[in-house]
Amino acid sequence: MSVQVLSLLPLSVLVLLLCAVCRDGMGFSVVEDTLQEKCVNMDTSQNLDSNGFYQDGDVIIGALINVHNLAAIPDLSFTRKAKLAPCLNFEENSVQWAQAIIFAVEEINRSPSLLPGVQLGYHVMDSCSRYPHSLTAAMSMISGGNKTCGTTRPAKVLIGDSSSTQSILLSRTLRPLQIAVISYLASCPCLSDRQKYPNFFRTVPSDAYQARTMAQMAKRFGWTWVGAVVADNDYGRGAVQVFEEEIKGTGICLAFYHTLYREQLAKDVARAAATVQASSARVILVFSWYVDVEVFLLELIRRNVTDRLFLASEIWSTSTYLLANPQLYTIAKGTLGVALRSAPIPGFDAHLRQLHPSHYPDDEFLRTLWENTFGCSFMKSSSKAIQKALPPCSGRESLEVVHSEFTDTSQLTVTYNIYLAVYAAAHALHTLLECTPPNNSDTKIKPKCSSPDNITPAQLLQHIGQVNFTTQLGEEFYFQDGSIPPVYNLVNWQRASDGSLQYVSIGRVDGNQLIINESAISWPGDSGKIPVSLCTSECPPGTRKAIKKGLPVCCFDCLPCTEGEISNTTGSIKCYRCPQEFWSNSFRNECVPRETEFLSFRETMGITLVSVAISGAIITATVAVIFLYHRSTPVVKANNSELSFLLLLSLKLCFLCSLVFVGQPSLWSCRIQQAAFGISFVLCISCILVKTIVVLFAFHSTRPGSSALIRWFGPSQQRGSVLVFTSVQVVICAIWLSVSPPSPHCNFGIQGSKVILECTVGSVVGFACVLGYIGFLAAVCFLLAFFARKLPDNFNEAKLITFSMLIFCAVWIAFVPAYVSSPGKYSIAVEIFAILASSFGLLLCIFIPKCYIILLKPENNTKRFLMGKA
């Protein structure tokens, strides 16, 4: 032990430490003789058993219980009259812990199989939650001190202390003496270091697991901005350190971190409460003793801060003391806590109910509990104030009908840990004392058996590290790096039917597995929703995080994704490009199939074009009916009426073929549209070309010696010419469709959010041949009609053909650049418009003048008039 630590200890502690050294045979027997007078003549105020009780036995188990949780400022002067400060704030539940030691020892002593023939004793003392008292009591127990150095047996093992800081000090102090320390509540992760604390064991899991559990809960519920208020000791600071390590890289940040030191609790609580009030963090991690937590919560209530969710450590998550305080009903509702696993102890409830101070006359803790419970006092009580204020106890009082923290055995957590610690020490002692020869040894050799009188703490320490037994609940118990495997319950503070608070189990932690029943959780406030604790609200889907320079990663800006990119999760750090067939929706949170665009029958433009095409077909059919009805008149019979009807048929096909271009492209519609267009127009132009040739031949046949010309190009030759001209286009289309036909195609490159469904031409050469052949026939027809425009007839059809072909050629010449420059469905509309415009041009220019004569000028419908002889 360092000189600095020694200088802080009262003289009695140093004396007892030296006595312990003497008793463990360290070669300093002369010291015992020298100090004997000092032990005997010590001030009676230094009676080290004044805060504890003792039961003799073959082997003594020492125990440190914090029956009081506060002490006045101690006198640390290194003088003869230095005294420990009195302990304050009596705690009922700690008396139950002390009774767990008594119950376990008595149960073991009655057991025929565990430590047969050996009687365990116990020495229980109050640590007062302060290291001077804890260390003083420990020295007293291991030295057997009680006014003198030799009146009681020294303890071979210590159970305690509850505080991690005090356990660290005890372990380091007792390490040279090789005395085992088994704590029931010290959970600092630092105590798992076997190099520094080889003599330390505990029946409670390391805080590393519960801090990790709280980090997992924060991640599960989306709490990225968490505050921390912890005890200013190894317990609190160690928990925060583990929590910070667990949240690295998870997007969770520690908003603030405050410590509570009990000696200046009011000041620390005020500072922590002010920070909680000003912070946007709605989830607060609290690792502190439940008495300090009560002061902290009451300060928050005074500041009207009642909308926070607290993550409670195991030390206060199941505290009936806090649950019984009506002032905390509102602020503490919804608290989530990590609780030590509770387990029943058979027969323990009956033991507590049958207790009476007369059964344990030296147990001052039980006497104080009795006085507080029944409002009476014992004449031998050390509390003079109680003796003056309260009547004497009659001895007829009973705990059978008392309901208090002490008699409540429904949730035994720390009590069960103490119970297990006693059994761990007992099983280690059992293996040390049993006479079993080593494996593979000669059975003739008598094994060396230890006896309770000659065992050393070092031997017991070795066996405690190797202890392995099955508890009464059928569970295997063993130490793993000085600790037990982590098993926790998860609890939630909920409002009971009578308005009070109660904790309800909502899950458990087994190793690293977190199991939570979220539907069973009651959240703070009246909304019943999971609290939101964020520095910056999580970026919604459709945006990405952009970290603000100089601020924690939990504080960021949210930037919207660009077109074609999405983020479909909350808090995304990047946007993702949609697949080619998809595009981002308006919220940028989902890739939706691109809107398929084509010239539909349901849109305005499609309806208009279809209506015009059908109108053209109807007009053409009407003209055909008029011609059919007046087929015997000169106007209809002139220039081969068969060609006129065939031309009307081809014009009708031209109008109708435009309908194939409207609607969703398919494999067959893509192939039919260009073939129908090409063949229909070639048939139409072929008829017009033949009619033009007939006009030329008819007028040239009137010249001398040319009469045979018109006979050579008669009706049969005219029909054959139309067939030949059309067959050429049919062959071109057949080759085109067989080699590289048009097909439906999705065009993704024109408009980002839309996919243009169109027909590709397949072979550009084939498409060019179809259009080129139509253009060739149209050009020839135009030239022939142009030459025949001045023939001397009143009704010269060549003039009408010339004008119609002029319109036809103008339309299709303008079509080429318009078609190339139009995007998507508009290119189809341009082609349909060209078809309709050229078809109407031919229909109106060629047939409307004839219909005018037939219907409105029937007197001109004569052969003489048509030949210019009228």
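Details of the structure are given in the entry above.
Not measured: the values here are computed from a predicted model. (Residues numbered from 1 in each chain as written. Predicted model: local features only at pLDDT ≥ 70, side-chain atom pairs only at ≥ 80, totals over all residues. Heavy atoms only, no water.)

J.: Would you mind showing me how to read the environment of Ser-280 here?
T.: Considering the arrangement of structural elements, one finds Ser-280 in the loop between helix H9 (265-278) and strand E11 (283-287). Assessed through its relative accessible area of 34%, Ser-280 is described here as partly exposed. Along the sequence, Ser-280 and Trp-225 sit 55 residues apart, while their C-alpha atoms lie 7.9 Å from each other. Apart from the residues within four sequence positions on either side, Ser-280 is in contact with Trp-225, Leu-534 and Cys-535. (Helix = DSSP H or I, 4+ residues; strand = E, 2+ residues; numbered from the N terminus. Buried < 20%, exposed > 50% of the residue type's maximum accessible area, 1.4 Å probe, protein only. Contact = heavy atoms within 4.5 Å.)

J.: Looking at this structure, I do not really get the packing of helix H15 (residues 414-433) against helix H16 (residues 457-465). What am I missing?
T.: Packed helix pairs are specified by the crossing angle of their axes together with the interaxial distance, meaning the distance between the axes. As a packed pair, H15 and H16 sit with axes 8 Å apart at the nearest point and diverge in direction by 110 degrees. Here H15 lies roughly perpendicular to H16, going by the angle between them. Regarding H15 and H16, the two cross each other, and that crossing is right-handed. Here H15 contributes Ala-425, Ala-428, Leu-429, Thr-431 and Leu-432 to the contact with H16, which in turn contributes Gln-459, Leu-460, His-463 and Ile-464. Taken together, the residues that form the contact of H15 with H16 break down as six nonpolar, three polar and no charged. (Axes fitted to C-alpha atoms, helices over the stretch in contact; angles between N-to-C directions. Parallel < 35°, antiparallel > 145°, perpendicular 65-115°, else oblique. Left-handed = near helix turned anticlockwise from the far one by under 90°. Nonpolar A, V, L, I, M, F, W, Y, C, P; charged D, E, K, R; others polar.)

J.: How do you make sense of the nonpolar core when you look at a structure like this?
T.: When a protein is soluble and globular, its nonpolar side chains tend to lie buried together. Trp-223, Phe-296 and Trp-316 are the most contacted members of the largest nonpolar core, which has 143 residues in total. In terms of residue count, H15 provides more of this core than any other element does, 15 residues in total. Setting aside its immediate chain neighbours within four residues, Trp-223 contacts Met-217, Ala-218, Ile-252, Val-283, Leu-309, Leu-311, Leu-336, Trp-523, Ile-530, Pro-531 and Ser-533. Counting residues in each nonpolar core, the second largest holds 67 residues, with Ala-613, Phe-697, Val-722 and Ala-778 among its members. (Core = buried A, V, L, I, M, F, W, Y, C linked by side-chain atoms within 4.5 Å.)

J.: Honestly, the pattern of salt bridges in this entry has me stumped. Any pointers?
T.: Opposite charge on two side chains permits them to pair, given that their charged atoms come into close proximity. For the coordinates displayed, the defined rule picks out 21 salt bridges. For the salt bridge of Arg-212 with Glu-246, the shortest nitrogen-to-oxygen distance reads 3.0 Å. One end of the pair, Arg-212, is in helix H7 (residues 207-220); the other, Glu-246, is in helix H8 (residues 234-246), with 34 residues separating them in the sequence. Residue class for Arg-212 comes out partly exposed when judged on its relative accessible area of 22%. With its nearest N and O atoms 3.8 Å apart, the salt bridge here joins Arg-577 to Glu-565. Placement of the pair is Arg-577 in strand E22 (residues 576-577) and Glu-565 in strand E21 (residues 565-566), with a sequence separation of 12 residues. (Salt bridge = Lys/Arg side-chain N within 4 Å of Asp/Glu carboxyl O.)

J.: Just checking my understanding: could you explain the state of the cysteines for this structure?
T.: What is meant by a disulfide is a covalent connection between two cysteines, made through their sulfur atoms. This structure, assessed with the given rule, holds nine disulfides. Between the sulfur atoms of Cys-253 and its disulfide partner Cys-554 the distance amounts to 2.0 Å. Sign of the S-S torsion, about 100 degrees for the bond between Cys-253 and Cys-554, identifies this disulfide as right-handed. Residue Cys-253 is located in strand E10 (residues 253-260), and its partner Cys-554 is located in the loop between strand E19 (543-547) and strand E20 (556-560); the two are separated by 301 residues in the primary sequence. The same class applies to Cys-253 as to Cys-554, namely buried. Linked covalently through their sulfurs, Cys-561 and Cys-575 form a disulfide whose S-S length is 2.0 Å. The sign of the -80 degrees torsion about the S-S bond sets the Cys-561-Cys-575 disulfide as left-handed. (Disulfide = S-S within 2.5 Å.)

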